[in-house]
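# Inside the fold
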Amino acid sequence: MSVFTAHTAETAPAAARPTMAGVQRKLGHLPEAVARMAESPELLKGFLTANATFESTDLDPVEREVVVLTVATRNECHVCVAMHTATLTRHGVDPALTAALRAGAPLADARLEALRRFTVAVLDHRGAVPQGELDAFLAAGWRPRHALDVVLGVGTYTISTFANRLTDAPLDPALAGYAWEPAA
């Protein structure tokens, strides 16, 4: 049993309530992961602020999802993988792209594969990406600002994946069709 409460608008710390209300308005429901993050209003607000900033980067929606799913699978966050699989499905991407991301496998699109590999390099090297890997990323048509946008995405989704794992956030029923488990 988790020591973290799945808060409601009535049980959440007062400082978390406006943020929770905003999420509920935007999504039409309150995800269980958000309800648990609300235990720390600052964590919840920090993640959502960082996420909004990441969404405003020069990366397009599918490119951002490549970063997010790469982080989510590496950090084994079943909630994030399911949620962002649903997002890619709404974007109408080729299911093969989504399947490869969920498996941590190479992507058929060379530019997106360079993005995925660079995201892995940022994670593996804790930001100290070897010059050859940075050069390969840039040679695929990415710019230096994109490398920093990836760092922002990694940081944002490290917050989310770690919080979801720490709080043992369950998968919302609406995401059951996108459930994911890490490979054994």
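One structure accompanies this document, and this report is about it. Since the model is a prediction, treat every value here as computed from it, not as a measurement.

What follows covers the packing of aromatic side chains. By the definition in use, this model includes four aromatic pairs. Ring geometry for Phe54 against Tyr157: centres 6.4 Å apart, planes inclined by 65 degrees, an arrangement best described as edge-to-face. One end of the pair, Phe54, is in helix α3 (residues 41-55); the other, Tyr157, is in helix α9 (residues 144-166), and 103 residues separate them in sequence. Taken individually, Phe54 and Tyr157 each receive the classification buried, so the pair is uniform in this respect. When the centroid spacing of 4.1 Å and the interplanar angle of 20 degrees are considered together, the rings of Phe118 and Phe137 count as stacked. Here Phe118 is found in helix α7 (residues 110-124), whereas its partner Phe137 is found in helix α8 (residues 131-139), with 19 residues between them in sequence. Of the two residues, Phe118 and Phe137, neither departs from the other in class, the shared state being buried.

Relative to the helices and strands, Thr57 is located in the loop between α3 and α4 (61-74). The class of Thr57 is buried, set by a relative accessible area of 12%. Among the polar contacts made by the side chain of Thr57, one reaches the main-chain carbonyl oxygen of Phe54 at a distance of 2.9 Å. With residues near it in sequence (within four places) discarded, Thr57 still touches Arg64, Arg145, Asp149 and Leu152.

The rules behind each value
Residues numbered from 1 in each chain as written. Predicted model: local features only at pLDDT ≥ 70, side-chain atom pairs only at ≥ 80, totals over all residues. Heavy atoms only, no water. Phe/Tyr/Trp six-rings, centres within 6.5 Å; stacked < 30°, edge-to-face > 60°. Helix = DSSP H or I, 4+ residues; strand = E, 2+ residues; numbered from the N terminus. Buried < 20%, exposed > 50% of the residue type's maximum accessible area, 1.4 Å probe, protein only. Polar contact = N/O pair within 3.5 Å; in protein donor to acceptor, adjacent residues only side chain to side chain. Contact = heavy atoms within 4.5 Å.

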